[in-house]
Amino acid sequence: MTLTPTLIPTLAESVSRARTDLRMGLPVVLGAHLAAAVETLPPDRMAQMLALGHAVLAVTERRAGTLKAMVYDGDLARIELPRDADPAWLRAVADPAGDLMTPMKGPFRLARGGDVTAHRAAIALAKSAQLLPAVLLVALAEPPQGLVQLAPGPVLDQLAAESRLAPVAAARLPLLAAENSKLHIFRPDDGAAEHYAVEIGAPSRARPVLARLHSACFTGDVLGSLKCDCGPQLHAALAAMGQAGEGVLLYLNQEGRGIGLANKMRAYSLQNQGFDTVEANHRLGFEDDERDFRVGAGILREMGFASVRLMTNNPRKVAMLESHGIAVTERVPLVTPRNRHNTGYLDVKAAKSGHLL
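Keep in mind it's a predicted model, so treat the numbers as computed, not measured.

## A look at the environment of Ala192
With respect to the helices and strands, Ala192 occurs in the loop between strand 8 (181-188) and strand 9 (195-200). On the basis of relative accessibility, which here comes to 35%, the residue Ala192 falls in the partly exposed class. Along the chain, Ala192 and Ala177 lie 15 residues apart, while their C-alpha atoms are 29 Å from each other.

So, in structure tokens, the structure goes:
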């Protein structure tokens, strides 16, 4: 039976499938390469992949820098696998948890030359799946059937594109900070996590609204972690909006600066070894901040807001909103008290991430 065009997955849907497959330990086909995330790849599948052809481990420039591996491909490095490579070796190269115990993992032999679009797409997919950005790739003359198959160039374009957000549901939700509140749920069209908007009062769409873009922080918002200022900022923002009688707080599901809770805990473990927040992210293979604040602009537009008084200490948020059509008429500082557990974290945010603290 031949499927009609409307039943065939779109590129966005196929990318979402690929993201899920990587999380489950399944490889995907990117052009002429079979690609699998090292973090989730079972030993039997790894052995099968290695038997199919020449394999390399693709890591980001950040992770390669930690490994003292030369970077010939700009933003990534392709590490040739030694003859005795096994799952333990791959995971040791991908995961910095044991770097201080075994700092010399090389010397590495690096691949040079040729097209790396598939490798770049594989790393981008792993990041979007909130997995460690380390991917095993095998070049194949004829890709196997039954796996998600994608052209790497369009995958990169899709992952870089701004997702469209659709309102799903909304209902009144009285809060401690403001009884007259409403919770909105927005669903992106790329299969990623839903995002939320807390609307307090009935703010006019004709004038700047007091707004906050708040990234999800399970440890701070829910557990009351003292390692960050997220929980206090969340409650301070809601309290300010409640006192003003109106406002909108966007709760964006971009935990750990966009790397996910598991990788955030990996970063915390590295911080316990003496690295700061930025250094820990780099050792994992991520950038300082992997969040996509275009989501916030999209939600504000969908809700009918064109201008905001933005509660933030992060100038990047101001610049992002303005570059995506949301006027920021005022930056409202949101500074909360320090404690002995988060002072270093806040100092790094100011010194390395440009936060105004």
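## Things to note about the UniProt feature "binding site: Zn(2+)" (unreviewed entry) in the protein
According to UniProt, the "binding site: Zn(2+)" (unreviewed entry) feature falls on Cys217, Cys228 and Cys230. Within the secondary structure, Cys228 is located in the loop between helix 7 (218-222) and helix 8 (230-244). Dropping the residues within four chain positions of it, Cys228 is found in contact with Cys217, Gly220, Asn342 and Tyr345. You can see Cys230 is positioned in helix 8. If near-sequence neighbours (up to four positions away) are discounted, Cys230 is found in contact with His214, Cys217, Asp221 and Tyr345.

## A closer look at the side chain of Asp99
Tracing the sequence through the fold places Asp99 in the loop between helix 4 (87-94) and helix 5 (117-128). The class for Asp99 is buried, based on a relative accessible area of 5%. A distance of 3.3 Å separates polar atoms of two side chains, one belonging to Asp99 and the other to Arg283. If near-sequence neighbours (up to four positions away) are discounted, Asp99 is found in contact with Arg63, Thr66, Ala92, Lys105 and Arg283.

## Brief notes about the UniProt feature "active site" (unreviewed entry) in the protein
UniProt annotation of "active site" (unreviewed entry) refers to Asp289 and Arg291 when read in the numbering used here. By secondary structure assignment, the location of Asp289 is in the loop between helix 11 (277-284) and helix 12 (294-303). The contacts of Asp289, once residues within four sequence positions are left out, are Arg257 and Arg316. Structurally, the position occupied by Arg291 is in the loop between helix 11 and helix 12. You can call Arg291 buried: its relative accessible area is 13%.

## A closer look at the packing of aromatic side chains
Applying the stated criterion to the full structure yields 2 aromatic pairs. Arranged with centres 6.3 Å apart and planes meeting at 15°, the rings of Tyr196 and Tyr251 form a pair that is stacked. Placement of Tyr196 in strand 9 and of Tyr251 in strand 11 (residues 247-252) is noted, with a sequence separation of 55 residues between them. The class for Tyr196 is partly exposed, based on a relative accessible area of 27%. Against the face of Tyr72 rests Arg112, its NZ or CZ located 3.9 Å from the ring centre. Here the basic side chain of Lys227 rests over the ring of Tyr268, its NZ or CZ set 4.6 Å away from the ring centre.

## Digging into the domain arrangement of the protein
For the protein, the domain assignment lists domain 1 (11-159) and domain 2 (165-254 + 291-353). Inter-centroid distance (C-alpha atoms) of domain 1 to domain 2 is 35 Å. On the domain 2 side, the residues contacting the 4 residues of domain 1 number 4 residues. For the pair domain 1 and domain 2, the summed buried surface comes to about 270 Å²; carbon and sulfur atoms form 34% of the total. In terms of surface lost to domain 2, no three residues of domain 1 exceed Ala12, Ser16 and Arg19, which account for 70% of the buried area on that side. The interface formed by domain 1 and domain 2 contains 1 residue pair in polar contact (both at pLDDT 80 or more). In terms of residue class, the side of domain 1 that touches domain 2 is built from 1 nonpolar, 2 polar and 1 charged.

## A short note on the sheet that holds strand 8
Each strand in a sheet pairs with another by means of backbone hydrogen bonds, the pair being arranged parallel or else antiparallel. Pairing in this open sheet of 7 strands is mixed, and the strands run 7-8-9-11-10-12-13 from one edge to the other. Of all the strands in the sheet, the pair left with one neighbour each is strand 7 (165-172) and strand 13 (327-332). Each strand of the sheet is rotated relative to its neighbour by a mean of 25°, with strand direction disregarded. Of the strand pairs in this sheet, strand 8 and strand 9 are connected by 6 bridges, and their pairing is antiparallel. For Leu183, the partnering residue across the bridge sits in strand 9 and is Val198. Sheet strands touched by helix 8: strand 9, strand 10 (209-215), strand 11 and strand 12 (307-311). Its angle to strand 10, the strand with the most contacts, is close to 160°. Across the face of the sheet, helix 12 comes into contact with strand 7, strand 8, strand 9, strand 10, strand 11 and strand 12 while running at roughly 140° to strand 11.

Conventions we followed
- Residues numbered from 1 in each chain as written.
- Predicted model: local features only at pLDDT ≥ 70, side-chain atom pairs only at ≥ 80, totals over all residues.
- Heavy atoms only, no water.
- Helix = DSSP H or I, 4+ residues; strand = E, 2+ residues; numbered from the N terminus.
- Buried < 20%, exposed > 50% of the residue type's maximum accessible area, 1.4 Å probe, protein only.
- UniProt positions renumbered as here; feature names shortened; annotations may be inferred.
- Contact = heavy atoms within 4.5 Å.
- Polar contact = N/O pair within 3.5 Å; in protein donor to acceptor, adjacent residues only side chain to side chain.
- Phe/Tyr/Trp six-rings, centres within 6.5 Å; stacked < 30°, edge-to-face > 60°.
- Lys NZ or Arg CZ within 6 Å of the ring centre and 35° of its normal.
- Domains from an automatic or database assignment.
- Buried area = accessible area lost by both parts, 1.4 Å probe.
- Nonpolar A, V, L, I, M, F, W, Y, C, P; charged D, E, K, R; others polar.
- Pairing = 2+ DSSP bridges.
- Axes fitted to C-alpha atoms, helices over the stretch in contact; angles between N-to-C directions.

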